[in-house]
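This is what each chain is made of:
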Amino acid sequence: MSLHLPAASLDLAETHSESGSESNGSDVEESWSDWVSDSANSKPCKSLFEEKMLGSAAEALDYDKKAHKFDLNAFCKDKALGFHGRVRLINYIRKDKPTASSLRSLSGTEPLFSSDDYLVPVIEDDPLLLESPGDWSDSEDEPGVSAPPDLTAASKRIAVLESKLAAARQELADYKSLISQRVDITRIKDAVDAPDENITSSSKRDDDTHYFQSYEANDIHAVMIQDKVRTSSYASFIMTHPVLFQDAVVLDVGCGTGILSLFAARAGAKRVISVDASDVAAKAREIVKANGFEDIITVIQGKVEQITLPDDISHVDVIISEWMGYALLYESMLDSVLRARDRFLKPDGVMAPSQCRMMLCLSDASEIYKERISFWNDIYGFDLSAMGEEVFNDAIVDIVGPDTIMSDPYMVKDLHLGDITAKQLDFIAPFTLVSTAERRTKVHALVLYFDTFFDATGAPVPPQTPVHVTRDGGGALAEVWQLGRKPSIARRQSVKKQELVSFSTGPRSVPTHWKHTIFLLREPIVVTEGTVVVGMFHCRKSETNSRELDIEVHYSVKPSAGSDSGAETPGDVVVQIYKVR
């Protein structure tokens, strides 16, 4: 089921989250308990009973104590809850959403306090789970605990306390082991574990090997090159801008077969450095030689974050790269392109493409819904609908037709490659989608696609600039293709008319190999003309695989003025979470 929140919880103020933490450079080794305490005290923490975020775990507990009359620390102490009992209680509250008043009737012996289901964190890295137990656990300094009468009694008490301390440490270790199986705790390990020379590099998470190996096969390159919208747009930009490429030094990041490098060399580039971390680089060298450009194009196999340019080159004039993935940011190749920009691009250099925009729209997606969801409802008279439940957890990469689109697109992210940073690729953005449906229609999905712009100056494209939409039979390749290596006079004369090249991967354009990223809704939205869907779009790299994306959509529906409901304000906020993988 989708999560429903009060309408007031939807804050449409635009924000951008910047993930990633940096070490403060301290050489002081912290213990696990020190790190836990510091982390809990410094991380924002959500209230136990509402979506409100507070500055720290302590602030959240104080807020719940005042606003909801529930004192977590006092409750745990009164019920003599141990470490695991407290953890179960927190996760029970977060998962099952009981009221504060109902919690006060608990005795501490209910089944929930022994259920392992409530040991699994509901919120990853929940600061309340990491809070130091010193403020709520039993203390030997409480009234009624007398001093030991002699050395023997004191020794016995010390032994008991040492045993309790060892047990508490074991509880922490056991819980750390448990959550490490369910969430990514790489950051925790880096913070609390001293380097161990006996740990091999193979034990570290590897998000890259499979990614680079996937680009060694011929098929994936054939699909990309045969994408006329993609390849012809790059060719059009490169071949119609000889002023930019003539005698330029060009860096091609993720060159693959080297097709973009070949275009750059043909357009008059003085040197082209083609970089790819996969073994396709060997094929690229063969291709460069076969086409007679080995004196211009140098192929380097390696990660662009690690390579060095040839000795006679320190910086480049142009960086070209086809880095875009599903939903634009899938595969996280843009991070590498931005790193190349920061390392090698001249201050007045140009990024190609220079800008991309992520666009969101409503879609009835009726055929996709039938194929993936309702198909399971009746199989030879049997209900197999359980098979369709997990489909909602992942974004679907497929094609929807222009006739399925039920709103104008809304830009949720504008990426100007000249100045955007890698941290800004994790973001939260508001959206407002107004239904254009001519009749009562069910919207089964939100659809994400992207528009791409090439500006020869590298300057930001004005927001109102329309993107070129390629129709059937379109594509610019025929206009720039030439058999020889000399730029044609006609093309040189048309440079001023070709300042901006762009293409769209949206439903109104010829389908591309990127297709469309479809977020199926568990609760379809019934719309008429003018129905407004407002919400927040959350996008970040997955914590378990940096090449994947975690998407969270919060939305609410405001019916159109002529609808039967007559409502004037948005309804409950619906929250759905997706993986792009």
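One can find the structure itself at the top, above this paragraph.
Just so it is clear, the structure is predicted and the values come from calculations on it, not from any experiment.

A. Fine view of the overall build of the protein. Within the protein, the secondary structure is distributed over 19 helices and 18 strands. Residue burial in the protein is summarised as follows: out of 581 residues, 47% are buried. Considering only contacts in the protein between residues 6 or more positions apart, those separated by 24 or more positions represent 76%. In the structure as shown, the protein presents an accessible area of about 29,700 Å², 51% of it carried by carbon and sulfur atoms.

B. Examining the side chain of serine 502 more closely. Position of serine 502 among the secondary structure elements: in strand S14 (residues 500–504). In this structure serine 502 comes out as buried when scored by relative accessible area, which is 9%. Of note is the side chain of serine 502, whose polar atom sits 2.8 Å from the backbone nitrogen of histidine 468. Excluding residues within four positions of it along the chain, serine 502 makes contact with Ser233, Thr452, Phe453, Pro466, Val467 and His468.

C. Quick look at the sheet that holds strand S12 (residues 427–434). The 5 strands lie next to each other as S1-S18-S17-S16-S12, forming an open sheet whose pairing is antiparallel. Two strands bound the open sheet, and with one partner strand each, they are strand S1 (3–5) and S12. Across the sheet, the mean angle separating the axes of adjacent strands is 25 degrees when strand polarity is ignored. Two strands pair when backbone bridges link them, and S12 and strand S16 (residues 532–541) are joined in this way by 8 bridges, in the antiparallel orientation. When the sheet's bridge partners are listed, phenylalanine 427 is paired in S16 with cysteine 539.

D. Representation of the nonpolar core within the structure. Phe245, Trp323, Leu329, Phe431 and Phe537 are the most contacted members of the largest nonpolar core, which totals 99 residues. Discounting chain neighbours no more than four positions away, the residues touching phenylalanine 245 are Phe237, Ile238, Val250, Ala264, Ala267, Gly268, Ala269, Val318 and Ile320. Membership of the second largest hydrophobic core comes to 27 residues, among which are Cys76, Phe83, Ala100 and Leu128.

E. Layout of helix H15 (residues 333–344). For H15, spanning 12 residues, the distance from its first C-alpha to its last is 17 Å, which sits close to the expected 16 Å at 1.5 Å a residue. Residues of H15 that are buried include every one of Met333, Leu334, Ser336, Val337, Leu338, Ala340, Arg341 and Phe344, and no others. Where the residues of H15 are buried, they touch helix H9 (209–213), strand S4 (249–253), strand S7 (316–320), strand S8 (345–352) and strand S11 (410–416).

F. Broad picture of the sheet that holds S4. With respect to topology, 5 strands assemble into an open sheet ordered S6-S5-S4-S7-S8, the strand pairing being parallel. The open sheet has two free edges, formed respectively by strand S6 (297–301) and S8, since each of these has just one partner strand. If you compare each strand with its neighbour and ignore which way they point, the axes differ by 20 degrees on average. As paired elements, strand S5 (residues 271–276) and S6 share 5 bridges and run parallel to each other. Note on S6: the bridge partner recorded for valine 275 is isoleucine 300.

G. Looking closely at the pairing of strand S15 (residues 516–527). Taken together, the 3 bridges between strand S10 (residues 396–398) and S15 define a ladder with antiparallel strand orientation. When the bridges of S15 are listed, aspartate 398 appears paired with histidine 516. Direction of pairing for strand S13 (residues 441–455) relative to S15: antiparallel, over a ladder of 7 bridges. Bridge pairing links lysine 442 to valine 526 in S15.

H. Layout of the packing of aromatic side chains. Taken as a whole and assessed by the stated rule, the structure comprises 14 aromatic pairs. Considering the side-chain rings of phenylalanine 450 and tryptophan 514, the 5.2 Å spacing of their centres and the 75 degrees angle between planes classify their relative orientation as edge-to-face. Note that phenylalanine 450 is positioned in strand S13 and tryptophan 514 in the loop between S14 and S15, a separation of 64 residues in sequence. Exposure class is identical for phenylalanine 450 and tryptophan 514. Each is buried. Cluster of aromatic residues (ring-pair linked, three or more members): Tyr234, Phe237, Phe245, Phe450, Phe454, Phe503 and Trp514.

I. Expanded view of unusual backbone geometry. Between alanine 352 and the following residue, proline 353, the backbone shows a cis peptide bond with an omega angle of 5 degrees. Relative to the helices and strands, proline 353 is located in the loop between S8 and strand S9 (355–363). Its identity as a non-glycine residue notwithstanding, lysine 515 has a phi of 55 degrees, on the positive side. The residue lysine 515 is located in the loop between S14 and S15 in this model.

Analysis parameters
- Residues numbered from 1 in each chain as written.
- Predicted model: local features only at pLDDT ≥ 70, side-chain atom pairs only at ≥ 80, totals over all residues.
- Heavy atoms only, no water.
- Helix = DSSP H or I, 4+ residues; strand = E, 2+ residues; numbered from the N terminus.
- Buried < 20%, exposed > 50% of the residue type's maximum accessible area, 1.4 Å probe, protein only.
- Contact = heavy atoms within 4.5 Å.
- Areas by Shrake-Rupley, 256 points an atom, 1.4 Å probe, with all protein chains shown as cover.
- Polar contact = N/O pair within 3.5 Å; in protein donor to acceptor, adjacent residues only side chain to side chain.
- Pairing = 2+ DSSP bridges.
- Axes fitted to C-alpha atoms, helices over the stretch in contact; angles between N-to-C directions.
- Core = buried A, V, L, I, M, F, W, Y, C linked by side-chain atoms within 4.5 Å.
- Expected span 1.5 Å × (residues − 1).
- Phe/Tyr/Trp six-rings, centres within 6.5 Å; stacked < 30°, edge-to-face > 60°.

Without other data, these values stay purely geometric and don't point to any function.
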